[in-house]
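# Working through the structure, step by step
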Amino acid sequence: MSKAPVIAIDGPSGSGKGTIASRVAKTLGYSLLDSGALYRVLGVACNRKKLDLTDHQAVASLAKDLDIEFGRSGEGSVCLDSIEVSLDIRSDLGSDMASRVGAIGAAREALFERQLAFRQPPGLVADGRDMGTVVFPDAELKIFLTASPEERAKRRYKQLIGKGIDAILPDLLRDLKERDKRDTERVISPLKPAEDAIVIDTTDLSIDQVVNQVLELYRCA
Ligand code: C5P
């Protein structure tokens, strides 16, 4: 049996990946894999258990056993051990912990099979950092979204303020650059476009424009 088709959407934080992936999946009736959420949940779980992140085997074994459920109380909802963690994983601490556990090879291996399991008919839209390079190298379409760090920090700022959460733009920009550096410079699965990925700079594009561009590329793929 041939495998279900995959659209891989990779890129740094704030490039619009999450929103674009979710819109494309909805339009096509495909499932969605928010792989960043898996790393975020693992980060939050490590933090709760006060795991020493230099103990890679302990982090990996926690990653294997994680009880994660998506969508229990609506879109974007994520539960860890049946407890809602949707807000915790999106906090600054959640972002920071995700990028730290994401640099651990054994943790990435432990999350690998989990990600493959999302590939079900009629198809999958997978969003992350290494969807096109490592997890789904045979994806039908690989997109790499970028945007300037300033624009990405601005988007994050608006998002937080919109949720009533205080934020300081220069701090957000600094954190984002730090995370970018860690994600691009790590040895295992660094953030980089697959050789056959189509790079779209979203700095001056609206969400609709990017969604339409991705759908058009998929039609022609
Ligand atoms: O995509 P999101 O911003 O939610 O990802 C949070 C963090 O998880 C990233 O900064 C990155 O370090 C890590 N991640 C990863 N590989 C993925 C998805 C996310 O290393 N496929």
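Structure report, in brief. (Residues numbered from 1 in each chain as written. Predicted model: local features only at pLDDT ≥ 70, side-chain atom pairs only at ≥ 80, totals over all residues. Heavy atoms only, no water.)

## Comments concerning unusual backbone geometry
- A cis amide bond links proline 121 to the next residue, proline 122, at an omega of 5°.
- By secondary structure assignment, the location of proline 122 is in the loop between helix H6 (105–116) and strand S6 (124–128).
- Of note in the backbone geometry, lysine 50 takes a positive phi value of approximately 55° without being a glycine.
- Along the chain, lysine 50 falls in the loop between helix H2 (35–48) and helix H3 (56–65).
- On the accessibility criterion, lysine 50 (71% relative accessible area) is exposed.
- With phi around 65°, serine 82 is a residue other than glycine that occupies positive phi space. (Helix = DSSP H or I, 4+ residues; strand = E, 2+ residues; numbered from the N terminus. Buried < 20%, exposed > 50% of the residue type's maximum accessible area, 1.4 Å probe, protein only.)

## Looking at the nonpolar core
- If you look at the biggest cluster of nonpolar residues, it comprises 34 residues, and the most contacted ones within it are Val41, Leu42, Leu66 and Phe136.
- Elements that contribute at least two residues to this core include exactly strand S1 (6–10), H2, H3, strand S4 (78–80), helix H5 (92–101), H6, S6 and helix H7 (131–135).
- With 8 residues, H2 is the single largest residue contributor to this core.
- If near-sequence neighbours (up to four positions away) are discounted, leucine 42 is found in contact with Val59, Leu62, Ala63, Leu66, Val101, Ala107 and Leu111.
- Of all hydrophobic cores here, the second largest spans 17 residues; its members include Ala21, Leu145, Val211 and Val214. (Core = buried A, V, L, I, M, F, W, Y, C linked by side-chain atoms within 4.5 Å. Contact = heavy atoms within 4.5 Å.)

## Topic: the site of the ligand
- In the region of the ligand, 17 residues are neighbours, and Arg40, Arg108, Arg129, Asp130 and Asp183 sit closest.
- For the ligand, an oxygen atom lies 3.0 Å from a polar atom in the side chain of arginine 186.
- Secondary-structure elements contributing two or more residues to the shell around the ligand are H2, H5 and helix H9 (169–185).
- In terms of residue count, H2 provides more of the shell around the ligand than any other element does, 4 residues in total.
- The class makeup of the residues in the shell around the ligand is 3 nonpolar, 5 polar and 9 charged. (Near = heavy atom within 4 Å. Polar contact = N/O pair within 3.5 Å; in protein donor to acceptor, adjacent residues only side chain to side chain. Nonpolar A, V, L, I, M, F, W, Y, C, P; charged D, E, K, R; others polar.)

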